[in-house]
Amino acid sequence: AKELLGKGTYHYMQGEYEEAIEHLMQVIAEAPGLSEPFNTLGFIHETLGNLKESEEFFLLAAHLAPHDAELWRRIANIAKTRGDYEQQIYCLRRCLRNSTDNDDVYDEVLWEISVVHVEKNKHERAVRYLQKLIKRQPADSVVAAELAKVYHKLKRKPEAIDILEKLIERQIQEGSEVNENVLY
């Protein structure tokens, strides 16, 4: 299986996709528990513009290597491109679960999930992720503004005002310039 995987990868790198697919499918037949051939097949189909097939192969690879946060994020991006909101959220949540050791990725994914929920008018869900994010980044005016906007849409005006007041207080304490246009 290892030799076939090497051949499949070689053909992929050479742009010989049919040969690569043939070798990788043989690897899967011999060693179905390996994530690498599914991952490479995902890249091949992505290169060929077959996003649904690409997503399916990447999903198989991700389920065989479930702690690969970047793979889950890649699948989420493909799902977004295909307009599959539920799949996008599922993959982003799996990415979130597996990126706790990388604060930047964790925060980016919290933001991505909240944006998707806002776009789909799932404001209560968006609030949950924005609240987590504002606890991690209390001085982030973009996050605070978004959370205030979502609170406002949910007719939770006291909470929206509270978030903005806290942001302004923090900016004054830190000597930062107060951005009065934070909601625009």
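Quantities reported herein were computed from a predicted structural model and do not represent experimental measurements. (Residues numbered from 1 in each chain as written. Predicted model: local features only at pLDDT ≥ 70, side-chain atom pairs only at ≥ 80, totals over all residues. Heavy atoms only, no water.)

1. Remarks on the confidence of the model for the protein
Predicted confidence across the protein gives a mean pLDDT of 93, with 96% of residues reaching 70 or more. Across the protein, helix α4 (residues 51-64) holds the top mean pLDDT of 98, while helix α10 (residues 157-173) sits lowest at 89. (pLDDT = per-residue confidence, 0-100. Helix = DSSP H or I, 4+ residues; strand = E, 2+ residues; numbered from the N terminus.)

2. Some thoughts on the packing of aromatic side chains
Inspection of the entire model under this criterion finds three aromatic pairs. With centroids separated by 6.2 Å and ring planes inclined at 45°, the aromatic side chains of Y12 and Y17 adopt a geometry described as tilted. Centre to centre, the rings of F43 and F58 are 5.1 Å apart; their planes meet at 85°, and the pair counts as edge-to-face. Pair noted here: F43 is in helix α3 (residues 36-47) and F58 is in helix α4, with a separation of 15 residues, a long-range link. Assessed through its relative accessible area of 0%, F58 is described here as buried. (Phe/Tyr/Trp six-rings, centres within 6.5 Å; stacked < 30°, edge-to-face > 60°. Buried < 20%, exposed > 50% of the residue type's maximum accessible area, 1.4 Å probe, protein only.)

3. Here's the deal with helix α2 (residues 17-30)
Under the 1.5 Å per step criterion, the end-to-end length of α2 is 20 Å for 14 residues, consistent within 8% with the ideal 20 Å. Buried residues of α2: A20, I21, H23, L24, V27 and I28, and no others. Looking at the buried side of α2, the elements it contacts are α1 (2-13) and α3. (Expected span 1.5 Å × (residues − 1). Contact = heavy atoms within 4.5 Å.)

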